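# Fold and geometry: a report
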Amino acid sequence: MQAELEDRFQEFVRARWSHLVRTAYLLTGDAHHAEDLTQTALAKAYRSWRRVSRADNPEAYVRRMLVTCNRDRFRKRRIAEALTAEPPERVGRDDAVSWADERGALLAALAQLPKRQRAVVVLRYWEDLSEAEVAESLGCSPGTVKSQASKGLAKLRTYPGLAQVMDGPARGVTRRGEESRA
């Protein structure tokens, strides 16, 4: 039975690693912190995989662990976050991280948001979660998600480098630059 659980956990990690690292990168703004954060969340998930795998949506469960681990990182160590306007040059980066890194203007703008607003914006608009899913992931009410998203988007709209990248949300441009059908 234990071997079967380990196999299912390994399958989950292989299937979702890149996605979880990308989400962690958007939350932290640093590739190394993102990988550490993902490993920490997955280590916690492994310890309770029997419970996690029985959840309706194991990925949402692990994503919540990811957000919580990121929040705990600041509580326990009191790390001063020092995000820069331009990501540093790195050699040999993972493809999942490098494509997000190419969007320097967006990352720099996200770095200017407070942690809570950044988490809401990333989960709501990048991960495309519903307000209820974001609220569940962050342990807050849907109203808090709405207000934090509104404030975060308002700040992003004032960021100088985003006007050319986003060309305004009213035009229907999705997060990856494709035209939406709406």
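Refer to the structure above for everything that follows.
Keep in mind the model is a prediction, meaning the values are calculated, not measured.

### Things to note about the overall build of the protein
A tally of helices and strands in the protein yields ten helices and zero strands. Considering only contacts in the protein between residues 6 or more positions apart, those separated by 24 or more positions represent 63%. When the accessible surface of the protein is summed, it comes to about 10500 Å², and 49% of that surface belongs to carbon and sulfur atoms.

### A few points about helix α8 (residues 131–138)
Inspection of α8 places Val134, Ala135, Ser137 and Leu138 among the buried residues, and these make up the whole buried set. Buried residues of α8, seen end-on, are gathered within an arc of 165 degrees and therefore sit on one face of the element. Just past α8, the residue Gly139 takes up positive phi, approximately 70 degrees.

### What about unusual backbone geometry?
Even without a glycine there, the phi angle at Asp128 is positive, about 60 degrees. Among the structural elements, Asp128 can be located in the loop between α7 (115–126) and α8. Residue classification places Asp128 among the exposed residues on the basis of a relative accessible area of 54%.

### Quick word on the nonpolar core
Ranked by size, the top nonpolar core spans 42 residues in total, and within it Trp49, Val62, Leu110, Val134, Leu138 and Leu156 carry the most contacts. Put simply, the parts of the chain that give this core at least two residues each are α1 (2–28), α2 (31–47), α3 (49–54), α4 (58–77), α6 (104–111), α7, α8 and α9 (142–158). With nine residues, α1 is the largest single contributor of residues to this core. In this view, Val62 contacts Phe12, Leu20, Ala41, Leu42, Ala45 and Val52; residues no more than four positions away in its chain are not counted.

Cut-offs and rules
Residues numbered from 1 in each chain as written. Predicted model: local features only at pLDDT ≥ 70, side-chain atom pairs only at ≥ 80, totals over all residues. Heavy atoms only, no water. Helix = DSSP H or I, 4+ residues; strand = E, 2+ residues; numbered from the N terminus. Contact = heavy atoms within 4.5 Å. Areas by Shrake-Rupley, 256 points an atom, 1.4 Å probe, with all protein chains shown as cover. Buried < 20%, exposed > 50% of the residue type's maximum accessible area, 1.4 Å probe, protein only. Arc of directions from axis to C-beta. Core = buried A, V, L, I, M, F, W, Y, C linked by side-chain atoms within 4.5 Å.

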